[in-house]
Amino acid sequence: MWPIFQNAVARSRGAMLGWGLALGLLGMFMLSFFEILADQKESLERLLASYPPEMMAFFGDTTAMFTPEGFLGVEFFSFMPIVLGIYAVLAGSGLLAADEESGTLDLLLAHPVSRTALFFGRGLAFLTTLLGILGAAWLGLVIGARVYDVDLTATSLLRPFLSLLGELLLFGAFALLLSMFVPSRRLAAMLSGLALMTSYFITSLARINEDLEQAAKFSPLNYYQSGDAITQLNLEWLLGLLVVALVFTLLAWWRFERRDIRVAGEGSWRWPWQQFRTYERKSGLQPR
Amino acid sequence: MEHPLALTTQGLTKSYGSIMALRGVNLEVQRGEIFGFLGPNGSGKTTTIRCLLDLIRPSGGVVRVLGLDPQKDPLAVRARVGYLPGELRLDDNFTVEGALRFLNQLRGGKADWRFVRELAARIDLDLKMLVKNLSKGNKQKVGVVQALMHRPELLLLDEPTSGLDPLVQQTVLRLIAEARAVGATVFFSSHILSEVQEVAERVAIIRQGQIVEVANTQSLLNRALRRAHVRFRQPVDSAPLTALPGVTVLARDDGTSLLMQVEGEMDSLIKTLAAFPVSDFETERPSLEEIFLAYYAPTRGAERN
């Protein structure tokens, strides 16, 4: 498992560096605005009040944005599940399916490497990459808080990243699970991306529409705390996200252990209508 | 005790929904032999090889590789096998040496690096090149080296010379023969019959997921299918010749020349020819390619009909 893990981490170095550095710098940059924002509290409150509630629903509680926690919640953590969620979905769906589609998995699994070792080696590398990206972003905020004298401790800044990690692991694991069932990595990424966006909209709109509150209970992003976690982390929610991520991961592993490794054009799963076309051809039926 | 057979399959089947890729493949490969696995594209060669490595799971039948069940003991099987896939893909981010070192790591560092360098030098492979800059042929060379570098007991090679230039093809065939000489068993698929004819002691021919023939390469070549070319001193009526059982006319030229394919013994043809004014008579053995095509001809005809 170790060489697989090392290789997978090496392959994600670019992603870790790019995403981590960008988010770290973004965090520092955002904190530099906090003091200016606090000075202009009254005029900004008037401006925010003029925005439609449907729009404000996507930013969380803007009334609290003049506190450091609220400010980071609105300006940084509110959109992180989408930004990094897209990365998690792409990385999760491609964890094994990308190599399978490119054909490199065939050679790897012809070596004395068990499917379990490959699966968990890659999974561990995915977790390491996420930790690297989130760690760099956290470091950016910690440095920003020090430099711009914002009253936030390193520990308090760590909490929302834990909540974010739970979300990312859940969507990454969901994409991985889908990639084990659907015919292509792209389709798995598309479906899990769609689930991510749906969850984001339902959770955000449920803040202004009571009818969506029930549906939001099934939305994973409902259990993402954003900047609220800076003051107190909801461990139950985090645990819930991690448990669901673990279930998805175990189901994906179960499937990977049992399925055929595909090569181009061999044993591909096909849509029902494609199967019907084959039946038509074989039986001599012609479509009308 | 070492299992006497390197590889066996009994009634091996594999289906993808309604498509039967393998329909009861029966094979026995002795230890230490070079076994050619022939068949056109889509006949089931790659599917069979991938079942042997547990990359895909058979729908039915029994598979044993070096006496082991690949489904129950895949790691033990793969540790003793060198595999070259038909569609070789390598991680583009590596150098050639990096790719080989990574694959060697997966085998617990079993390969002797001097041997790796020797193999690379013999097939003119630059270890410093980036994989993404390699041509198809050079990537294939990497595949050959990785399959041989840990001196496996069994080599499973799917179209090993695909994409290689003729000189390197010859070197690869020599490497295969050398691996056999030090005790390895080689099972290789190909649709290039000349190379199978050159190195394989036995061949199996697979057609539409079924083995249609397993034979000693030489005996297959010696099989009574021959080509006979007769020239006559004057135009003749060749009807008595073409009416003979097992004789098929391939070409006829104004009654003075006749090219025939003769299946079975030549006795009746020669006795019948005694009554003709023969000026020249030549026979030649068909290549493995012609024998191979002979296996396919009836099916193609049936498909057309």
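Preceding this paragraph is the structure being described.
Since we're looking at a predicted model, the values are computed, not measured.

The rules behind each value
- Residues numbered from 1 in each chain as written.
- Chains lettered and ligands numbered in written order.
- Predicted model: local features only at pLDDT ≥ 70, side-chain atom pairs only at ≥ 80, totals over all residues.
- Heavy atoms only, no water.
- Pairing = 2+ DSSP bridges.
- Helix = DSSP H or I, 4+ residues; strand = E, 2+ residues; numbered from the N terminus.
- Axes fitted to C-alpha atoms, helices over the stretch in contact; angles between N-to-C directions.
- 1 Å grid on protein atoms, 1.4 Å probe; cavity = no way out; pocket = protein on both sides within 12 Å on 5 of 7 lines; lining within 4 Å.
- Points joined across faces, edges and corners; volume = space filled by probe spheres on them.
- Nonpolar A, V, L, I, M, F, W, Y, C, P; charged D, E, K, R; others polar.
- Patch = residues over 30% accessible without salt bridge, like charges linked within 9 Å, V, L, I, M, F, W, Y side chains within 5 Å.
- Areas by Shrake-Rupley, 256 points an atom, 1.4 Å probe, with all protein chains shown as cover.
- Salt bridge = Lys/Arg side-chain N within 4 Å of Asp/Glu carboxyl O.
- Buried < 20%, exposed > 50% of the residue type's maximum accessible area, 1.4 Å probe, protein only.
- Contact = heavy atoms within 4.5 Å.
- Parallel < 35°, antiparallel > 145°, perpendicular 65-115°, else oblique.
- Left-handed = near helix turned anticlockwise from the far one by under 90°.

Here we look at the sheet that holds strand E10 (residues 226–232) of chain B
Residues and elements named next belong to chain B. Strand order across the open sheet formed by four strands is E11-E12-E10-E13, with antiparallel pairing between neighbours. The two strands at the open ends of the sheet, each matched to only one other strand, are strand E11 (247–253) and strand E13 (278–284). The sheet shows a mean angle of 20° between the axes of neighbouring strands, taken without regard to direction.

What about empty space enclosed by the protein?
If you roll a probe as big as a water molecule over the atoms, it shows you where there is empty space left. Residue and element names in this part refer to chain B. Scanning the entire structure with this criterion turns up one cavity of 30 Å³ or more. In this structure, the largest cavity encloses a volume near 50 Å³. If you list the elements that add at least two residues to the lining of the largest cavity, you get helix H5 (136–148) and helix H6 (166–181). Top contributing element to the lining of the largest cavity by residue count: H5, with three residues. When grouped by side-chain class, the residues that make up the lining of the largest cavity number eight nonpolar, no polar and no charged.

Overview of a nonpolar patch on the surface
A contiguous nonpolar patch, built from Leu139(A), Ile143(A), Val147(A) and Tyr148(A) and spanning about 350 Å² of accessible area, is present on the exposed surface. We classify Tyr148(A) as partly exposed; its relative accessible area is 34%.

A look at the side chain of Glu100(A)
Residues and elements named next belong to chain A. Looking at where Glu 100 falls in the secondary structure, it is placed in helix H7 (residues 80–102). The exposure class of Glu 100 is buried, given its relative accessible area of 3%. Those residues within four positions of Glu 100 in sequence are excluded, and the remaining contacts are Leu 105, Arg 259, Asp 260, Ile 261 and Arg 262.

Considering the packing of helix H3 (residues 96–106) of chain B against helix H4 (residues 113–122) of chain B
Residues and elements named next belong to chain B. One way to put it is that H3 packs onto H4 with a least axis distance of 12 Å and a crossing angle of 140°. Classed by the angle they form, the pair H3 and H4 counts as oblique. Here the hand of the crossing between H3 and H4 comes out right-handed. For the pair H3 and H4, the contacting residues are Glu 97, Leu 100, Arg 101 and Asn 104 in the first and Trp 113, Val 116 and Arg 117 in the second. In the contact of H3 with H4, the residues fall into three nonpolar, one polar and three charged.

Thoughts on the sheet that holds strand E4 (residues 60–65) of chain B
All names here are of chain B. An order of E2-E1-E4 is seen for the three strands of this open sheet, with the pairing classed as antiparallel. Because the sheet does not close on itself, it has two edges, and the strands there are strand E2 (19–30) and E4. Taken pair by pair, the neighbouring strands of this sheet meet at an average axis angle of 15°, ignoring direction. Sheet topology places strand E1 (residues 5–16) next to E4; five bridges connect them, and they run antiparallel. Bridge pairing links Thr 9 to Val 63 in E4.

A look at the pairing of strand E8 (residues 202–207) of chain B
Residue and element names in this part refer to chain B. The element E8 is extensively covered by neighbouring structure, given that five of its six residues are classed as buried. Across four bridges, strand E3 (residues 34–38) lies against E8 in parallel orientation. Note that in E8 the partner of Phe 35 across the bridge is Arg 202.

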